[in-house]
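Letter by letter, the chains look like this.
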Amino acid sequence: MVKSTSSTGGSSSKLASPTPEDEEKLREAAKAEITYPDKMDHKEIVLRSSSESATGQERKDEWAFNFDRVFEPNSTQSEVFEEISQLAQSCTDGYNVCVFAYGQTGSGKSFTMEGGSTESNAGMIPRAVEQVFRVSDELKSKGWIYKMEGQFLEIYNETINDLLGKGEFDKKKHEIKHDKSGRTTVTDVNIIPLTSANQVRSLLALAQSRRTVASTLMNERSSRSHSVFTLRILGENAMTGESCEGSLNLVDLAGSERLEKSGAGNDKDRLKETQSINKSLSALGDVIAALGEKGEGKGDKHIPYRNSKLTYLLQNSLSGNSKTLMVLNLSPLAYHLNESLCSLRFATKVNNTTIGTAKKQIKNPS
Ligand SMILES: Nc1ncnc2c1ncn2[C@@H]1O[C@H](COP(=O)(O)OP(=O)(O)OP(=O)(O)O)[C@@H](O)[C@H]1O
Ligand SMILES: [Mg+2]
């Protein structure tokens with residue numbers, strides 16, 4: 001699934017003959033030529049560029065990509081949510097679900113996941129949680145009683161921080177543990193019992209304020225870290241004696257841009273950040289690819305979950321009994337065309353992977 005945002009913020013020059021700086025600004029603000037030829041199924045996106053070669057000849061390039069669903073810049077949050085709602089809901093049936101937002105800095109990942117402050121701008125996290133509450137309420141008539149809890153973590157430079165922690169910036173050391181039943185826990189993090197969907201808004205606000213504390217310590221940190229919101233849901237059916245356990249992980253990945261543009265080259269801290277991001281994003285791609293190969297019947301293939309904190313944390317939500325979806329956010333700017341192509345190629349690799357058939361985690365009474 002691809003979402004391209006409309007946030008460009010155009011700029012124009014007031015001078016009759018623009019200075020080289022103005023020209024540079026105009027070039028940076030120019031929109032890329034992006035078209036959406038498939039008006040029926042909305043599955044295709046085409047990028048075009050024209051440039052002049054050293055010999056003065058015009059060179060035109062075109063790249064077409066296909067995905068399950070492509071959203072145009074004027075798509076609404078509610079349209080995007082429609083596409084993921086079924087998947088998000090399946091955590092109430094005992095599935096482990098993962099939704100990732102991937103894209104370069106400023107492309108709209110956080111806007112997609114958390115959204116703005118108005119009802120119509122609400123992102124995937126509040127919408128998904130609201131839906132899970134609504135569905136679990138409906139299932140009460142069938143004897144199901146659900147307990148829900150939320151956790152919100154940040155992975156920065158391969159270190160886990162609790163975004164719902166108390167007090168000052170998180171100094172605790174957190175470890176990821178997987179138990180035999182397929183449950184993942186992280187030591188010493190706050191797990192908040194959720195009793196209503198509205199509560200999630202205050203959790204998002206709390207996480208946001210803690211991120212702000214961190215970003216005064218380290219420049220623009222939220223762009224440089226992954227954040228993982230996890231809703232764990234436990235259901236018991238008093239009528240049938242069945243029980244189920246599922247989770248919904250909504251992941252806002254760190255900016256995927258490559259080293260040159262972020263200006264990290266001369267800055268040691270920035271370089272370290274970029275290297276951790278590159279490492280974990282490629283680890284994510286490798287894990288998904290390895291899972292796909294396993295799905296093709298290669299048996300006990302080694303899946304390199306341990307290559308990054310992100311993949312290790314999500315191990316149980318990426319393997320066989322899980323459902324995974326990636327939202328790719330693209331910049332509309334011509335200046336970002338190369339970065340957009342990199343993102344589209346990464347997403348194509350992910351999209352061509354069939355992870356295997358998801359299994360529900362329902363326990364029958366023994
Ligand atoms: N579809 C949209 N409609 C309106 N505004 C948007 C949309 N998408 C993004 N924006 C705005 O564009 C800006 C950048 O978006 P956002 O912060 O979500 O990017 P990001 O991918 O999370 O960047 P970073 O990697 O730096 O965290 C924000 O001000 C956001 O509100
Ligand atoms: Mg962001």
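One can find the structure itself at the top, above this paragraph.
As the structure is a prediction and not an experimental result, all values here were calculated from the model.

> Just checking my understanding: could you explain the side chain of histidine 174 for this structure?
Topologically, histidine 174 is positioned in the loop between strand 8 (159–162) and strand 9 (176–178). A polar side-chain atom of histidine 174 sits 3.5 Å from the main-chain carbonyl oxygen of aspartate 188. Excluding anything up to four places from it in sequence, histidine 174 contacts Ile160, Asn161, Asp162, Val186, Thr187, Asp188 and Val189.

> Is there a simple way to explain the packing of aromatic side chains in this structure?
Counting across every chain of the model gives 3 aromatic pairs. Taking the centre distance of 4.2 Å and the plane angle of 5 degrees together, the rings of tyrosine 102 and phenylalanine 346 count as stacked. Residue tyrosine 102 is found in strand 6 (residues 96–102), and its partner phenylalanine 346 is found in helix 10 (residues 337–351); the two are separated by 244 residues along the sequence. For the pair formed by tyrosine 102 and phenylalanine 346, the shared burial category is buried. Their ring planes at 90 degrees and their centres at 5.4 Å tell us that phenylalanine 152 and phenylalanine 229 sit as a pair that is edge-to-face. One end of the pair, phenylalanine 152, is in strand 7 (residues 144–156); the other, phenylalanine 229, is in strand 12 (residues 226–237), and 77 residues separate them in sequence. Relative accessible area serves as the criterion here: at 1%, phenylalanine 152 is assigned to the buried category. For phenylalanine 229, a relative accessible area of 0% gives the class buried. Positioned above the aromatic ring of phenylalanine 71 is the side chain of arginine 69, whose terminal nitrogen or guanidinium carbon lies 4.3 Å from the ring centre. Over the face of the ring belonging to tyrosine 95 we find lysine 323, whose NZ or CZ atom lies 4.1 Å from the ring centre.

What counts and what doesn't
- Counting restarts for each chain: residues are numbered from 1 in the order of the written sequence.
- Each chain gets a letter, beginning with A, and each ligand a number, beginning with 1, in the order they are written.
- Where local features are concerned, this predicted model is filtered to residues with pLDDT of at least 70; where side-chain atom pairs are given and counted, the filter is 80 or more; whole-chain, interface and lining totals use all residues.
- Water and hydrogen atoms play no part in the side-chain values, which are based on all heavy atoms of the structure.
- For the purposes of this entry, the term helix denotes a DSSP run of H or I that reaches at least four residues, the term strand denotes a run of E that reaches at least two, and both are numbered from the N terminus.
- The definition of a polar contact used here is a pair of N or O atoms within 3.5 Å, where within protein one atom must be able to donate a hydrogen and the other to accept one, and adjacent residues in sequence count solely through side-chain atom pairs.
- The criterion used for residue contact is that any of the two residues' heavy atoms lie within 4.5 Å.
- Note on ring pairs: Phe, Tyr and Trp rings are taken, using the six-membered ring of Trp, and paired if centres are within 6.5 Å. Classes follow the plane angle, with under 30 degrees stacked, over 60 edge-to-face and the rest tilted.
- Whether a residue is buried, partly exposed or exposed follows from its accessible area with a 1.4 Å probe, protein chains only, as a fraction of its type maximum: under 20%, in between, or over 50%, in that order.
- Lysine NZ or arginine CZ positioned within 6 Å of the ring centre and within 35 degrees of the ring normal marks a charge as sitting over the ring.

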